[in-house]
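# Secondary and tertiary structure notes
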Amino acid sequence: MAAERLRDLSQPIDVSLLDATVAAFYGTGSKEERAHADQILRDLQNNPDMWLQVVHILQQTKSLNTKFFALQVLEGVIKYRWNALPVEQRDGMKNYISEVIVQILKHDWPARWQSFIPDLVAAAKTSETICENCMAILKLLSEEVFDFSRGEMTQQKIKELKQSLNSEFQLIHELCLYVLSASQRTELIRATLSTLHAFLSWIPLGYIFESALLETLLKFFPAPSYRNLTLQCLTEVAALNFGDYYNAQYVKMYNIFMVQLQTILPPTTNIPEAYAHGTSEEQAFIQNLALFFTSFYKFHIRVLETAQENIAALLMGLEYLINISFVDDTEVFKVCLDYWNSLVLELFDAHHNMDNPTVTANMMGLQVPLLPGIDGLASQLVQRRQLYAGTMSKLRMLMICRMAKPEEVLIVEDENGNIVRETMKDNDVLVQYKIMRETLIYLSHLDHEDTEKQMLKKLSKQLSGEDWTWNNLNTLCWAIGSISGSMMEEQENRFLVMVIRDLLNLCEITKGKDNKAVIASNIMYVVGQYPRFLRAHWKFLKTVVNKLFEFMHETHPGVQDMACDTFLKIVQKCKRKFVIVQVGENEPFVSELLSVLATTVADLEPHQIHTFYESVGHMIQAEPDPHKRDEYLQRLMVLPNQKWGEIIGQARQSVDFLKDQDVIRTVLNILQTNTSVASSLGTYFLSQITLIFLDMLNVYRMYSELISNSIAEGGPFASKTSYVKLLRSVKRETLKLIETFLDKAEDQPQIGKQFVPPMMDPVLGDYARNLPDARESEVLSLFATIINKYKAAMIDDVPRIFEAVFQCTLEMITKNFEDYPEHRLKFFSLLRAIATHCFPALIRLSSQQLKLVMDSIIWAFRHTERNIAETGLNLLLEMLKNFQASEFCNQFYQTYFLTIEQEIFAVLTDTFHKPGFKLHVLVLQNLFCLVESGLLTEPLWDAATVPYPYPNNGMFVREYTIKLLSTSFPNMTAAEVAQFVNGLFESRNDLSTFKNHMRDFLVQSKEFSAQDNKDLYAEEAAVQRERERQRMLSIPGLIAPNEIQDEMLDS
């Protein structure tokens, strides 16, 4: 019989088969069937492994009788075989039963099981083993109610359970204290401490501070087996913050704690070393200690610093925390860093707002004297800074020794101790760098002299070799670079002269390729951070740039990349310095550089050469004399132009020459070099692009035909071959070069007239003729750039552009939401450019073509791809505004008003398009304002299908909107929907009220209430970010000088 299979318990039991066997036992079948089922169930009950199947059975079965059978098995094991079970199995069963009880409690307590807590406490007092289990149940209950209950229980139920726990906590409290005072059993004491830890964050404060609890906890703290659990409990208490009522208890707790800590961990201990060699228990102790100190100081440091007798203990605790901060463990360091950042910010803010005493006093929780005795406050601030001066100095050393790697540094040490180029950015390190940089800048402002002294002392130890390691030099230089802008210019100049001189000396005296690479990367990082200093010191600037040229020949991975990046960064900020004749020089630096250009770039890779050319382009752009500028540009482009001339010359002999893969690569490289220079030169690139423009279009046309032929012959797979990809790269680079030039060039109509007409057939016509897989999306972005640049001057060309790209691109992108992602975004950007600058051209479209445009806009904002949806919505807003001001206003809105409203409400309420909320609101506000403005003189309803004539469009749209939303939100009553719609109409003229009304409605709706709705508040978040940026700008150095987008006037 199949039921025999149940005897094999080596795998999960077949629950449906067990259900059938239990049903047979209780059923009305033959006597034999019942007897056989009875035998199997008895055998299962007697099988020692059967209890392991109980959880599985209870979860899977729907039969009450089977559940009862499973519980009988469990009862039998507990009654008759408990002591024979292995310890793990007994613990597993206890945990399971505890969890089951807690799940029952969530449903039945307190209403249907009022005596639960008294029953549990009474049971706990009968034996230590039962007491341990009771503790486990209480801990689970606290975690379930306070930590994990969201989403499983209603808010009302959670509130009810919390009230019940609070009201009956006295019994639990007494039980815990009783156990801690009377029991000798280690496991029970640990279980009790663990339970207390779960309860401490929410119980009434009297149970903590007005009982013997703190005293008892501190008594257990020195014992090794209870140390970590007690410390976790004390940390929970330290993190409570309810005013000053219990200050005396906090001070007492802290002082006793510090006395005990010195015996457990003497102040002279080398904590980082002890941590590195410690057991996991000892390491956990250091982690918990960090959490205790940071929690205590965050909320109660004021209490300690106000009384003289507590100062010594406070400073000793901070000393412990500094030592813990040196521990080589990321999580421990994060905890410490987070606190140091907040303490330093508080001290800095008080120092920074010294001239506004009220702000300072409020921020620091100090009392403002009512009389004009503000001096008292100033002396309090000075005293406070003096109190922490020693700690702050040690903290500077910590920040300098542990500085995280900034993004610009590309050279890292791998796990084998080799210096290599970084392959992937580590976001955690970047976040840590940002916090450390901010902390060090505040520390620098608090005492510039100490900051400078510590950095220079550490640097001199690098030179003497006493402290030389890669890591020590790295962290020091990263720290030096990170405080750029925080010192006064005079001090910064003095400081940097010494730093750069020492680093250049270090580079000269140190041997070994890897060592030189590390020093090089540090020199480059530091000089890249201080453009103000370089602009003021030509000799240093010239030395640094020549040093970068030296590094460009250094083939160590990452060094050349960093040299080119740093060169670009310095030139952007100091470009004027390179085009004037400096004192003691015969010619400007740029001219000198162009004479040895070929040698300088000889060892660089193509992408590095492009960066180099872009940098020189910035220099040339700073030259005011047009003749000199053209001469410099000509000299810069000698190498690429020579190569270009050779290739075009050969192609005129035989066009097949252009088909060779190496030639195609060279063409690509030449175009990329041109694009780099165009990006930095802008309008002044005109003479160079004129030189190659027509030949470049011929190459474009030829390569396009080659691609189309390859795809026509080889099918879709041909587009994936390396040959076709290479040809397409040349086409894309050609388009990118033209777009870059036109975009950067000043608005000069003759440039448009010179460059746009020749492109119509080779570029636009080619796009239309090509197969979909061979169409370059860059054509769309190029023409979007052209229209944005030359605006209404392009009106006459719009029909031609439309004809070439519109229909064929739509066919590519409306089959689904995935194919051709690049074409999608660029297509809608082109449409938006046309709608904004050439709207009359859209009015001339036929009604079928306009319908296609509107359909494509709706298609765009239905996208869940954020960029496309936003472009579609912005485009829609342009269209609405333009049509409102045109003579076709009635005609347009009669056709599209209801469709647009319906589609916008669809994306607004479907929960998939939250990032578009701001724009959805703007569209709806626009529609509702329009309908109430009286601009629409024709009815929006269809008189043939709506028998009842509405008094006006406003009434009709209200009713239409109420019907529309009633179907979208069936859970809402008609009155609620009507109230919401009327609210929208009433607030239509005030955008913020209109938006808030809409947002409240969404957030309260069932569909949104269980989700993360932060995207609905994106605008408010953006305002907050801008406020923070303004604050940072007001503090010198917080935003690095090389990140501030000024023109850095370096004349």
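Just so we're clear, the structure is a prediction, and the values are computed from it rather than from any experiment.

Calculation rules
Residues numbered from 1 in each chain as written. Predicted model: local features only at pLDDT ≥ 70, side-chain atom pairs only at ≥ 80, totals over all residues. Heavy atoms only, no water. Helix = DSSP H or I, 4+ residues; strand = E, 2+ residues; numbered from the N terminus. Buried < 20%, exposed > 50% of the residue type's maximum accessible area, 1.4 Å probe, protein only. Contact = heavy atoms within 4.5 Å. Salt bridge = Lys/Arg side-chain N within 4 Å of Asp/Glu carboxyl O. Core = buried A, V, L, I, M, F, W, Y, C linked by side-chain atoms within 4.5 Å. Expected span 1.5 Å × (residues − 1). Polar contact = N/O pair within 3.5 Å; in protein donor to acceptor, adjacent residues only side chain to side chain. Phe/Tyr/Trp six-rings, centres within 6.5 Å; stacked < 30°, edge-to-face > 60°. Lys NZ or Arg CZ within 6 Å of the ring centre and 35° of its normal. Axes fitted to C-alpha atoms, helices over the stretch in contact; angles between N-to-C directions. Left-handed = near helix turned anticlockwise from the far one by under 90°. pLDDT = per-residue confidence, 0-100. Parallel < 35°, antiparallel > 145°, perpendicular 65-115°, else oblique. Nonpolar A, V, L, I, M, F, W, Y, C, P; charged D, E, K, R; others polar.

## Comments concerning the overall build of the protein
Scanning the protein from N- to C-terminus turns up 50 helices and two strands. A buried classification covers 50% of the 1051 residues belonging to the protein. A separation threshold of at least 6 residues defines the contact pool for the protein, and within that pool the share at least 24 residues apart is 73%.

## Here we look at the pattern of salt bridges
Tallied over the entire structure, the rule returns 36 salt bridges. A salt bridge links Lys-659 to Asp-656; the shortest N-O distance between them is 3.1 Å. The class of Lys-659 is partly exposed, set by a relative accessible area of 34%.

## Side note on the nonpolar core
Membership of the largest hydrophobic core comes to 306 residues, with the highest contact counts inside it found for Phe-257, Phe-293, Tyr-297 and Met-879. With twelve residues, helix H35 (residues 686-714) is the single largest residue contributor to this core.

## Remarks on the environment of Leu-503
Structurally, Leu-503 can be placed in helix H24 (residues 489-509). Taking the relative accessible area as the measure of exposure, Leu-503 reaches 2% and is therefore buried. Separated by 26 residues in sequence, Leu-503 and Cys-477 have C-alpha atoms that sit 9.4 Å apart. Residues within four places of Leu-503 in sequence aside, it is in contact with Leu-459, Leu-473, Cys-477, Ile-519, Ile-523 and Val-526.

## Quick word on helix H25 (residues 513-529)
The terminal C-alpha atoms of H25 lie 25 Å apart, and with 17 residues this matches the ideal 24 Å at 1.5 Å per residue to within 8%. Among the 17 residues that make up H25, 14 are buried, leaving the element largely enclosed by the rest of the structure.

## A closer look at helix H17 (residues 308-325)
With 18 residues, H17 extends 26 Å between its outermost C-alpha atoms, agreeing within 8% with the 26 Å of an ideal straight helix rising 1.5 Å per residue. For H17, every residue scored as buried is listed here: Asn-310, Ile-311, Ala-313, Leu-314, Gly-317, Leu-318, Tyr-320, Leu-321, Ile-322, Ile-324 and Ser-325.

## With respect to the environment of Glu-492
Tracing the chain through its elements places Glu-492 in helix H24. Residue Glu-492 is classed as buried on the basis of its relative accessible area, which comes to 2%. Note: C-alpha distance between Glu-492 and Phe-533 (41 residues apart in sequence) is 7.6 Å. Apart from the residues within four sequence positions on either side, Glu-492 is in contact with Ser-484, Gly-485, Met-487, Tyr-530, Arg-532 and Phe-533. Side-chain polar atoms of Glu-492 contact the side chain of Arg-532, separated by 3.2 Å.

## As for the packing of aromatic side chains
Inspection of every chain in the model, using the stated rule, returns 45 aromatic pairs. Across from the ring centre of Tyr-700, 5.2 Å away, lies the NZ or CZ of Lys-731, which sits over that ring.

## Looking at the packing of helix H39 (residues 798-813) against helix H40 (residues 821-837)
Close contact between H39 and H40 brings their axes to 11 Å; oriented N to C, the two are set at 145°. Between H39 and H40 lies a crossing of left-handed hand. The residues of H40 that touch H39, namely those facing Val-798, Ile-801, Phe-802, Val-805, Phe-806, Thr-809, Leu-810, Met-812 and Ile-813, are His-823, Arg-824, Phe-827, Phe-828, Leu-830, Leu-831 and Ile-834.

## Here's the deal with unusual backbone geometry
Phi is positive for Lys-791, close to 45°, though the residue is something other than glycine. For Lys-791, the location among the structural elements is in the loop between helix H38 (778-790) and H39. When its relative accessible area of 38% is taken as the criterion, Lys-791 is described as partly exposed. Non-glycine residue Tyr-820 carries a positive phi angle of around 50°. Of note, Tyr-820 is situated in the loop between H39 and H40.

## A word on the side chain of Thr-961
By the secondary structure assignment, Thr-961 is in helix H46 (residues 953-968). Thr-961 gets classed as buried once you look at its relative accessible area, which sits at 0%. Leave out the neighbours within four places in its chain, and Thr-961 touches Glu-901, Phe-905, Phe-928 and Val-981.

## As for the confidence of the model for the protein
When pLDDT is low, close inspection of the predicted coordinates is not appropriate. For the protein, the average pLDDT comes to 85, and 89% of its residues sit at 70 or higher. For the stretch residues 363-374, pLDDT sits under 50, and the model shows 13 contacts to residues farther than four places along the chain or on other chains.

## Focus: the environment of Glu-623
For Glu-623, the position within the fold is in the loop between helix H31 (606-621) and helix H32 (626-636). Counting along the chain gives 43 residues from Glu-623 to Ile-580, while the straight-line C-alpha distance between them is 8.2 Å.

## With respect to the packing of H17 against helix H18 (residues 330-352)
Two numbers describe how H17 lies on H18: the axes approach to 9 Å, and their chain directions differ by 135°. Considered as vectors, H17 and H18 are oriented oblique to each other. Crossing of H17 over H18 shows left-handed handedness. Of the residues in H18, those touching H17 at Leu-318, Leu-321, Ile-322, Ile-324 and Ser-325 are Val-332, Phe-333, Cys-336, Tyr-339 and Trp-340. A class-by-class count of the residues in the contact of H17 with H18 yields nine nonpolar, one polar and no charged.

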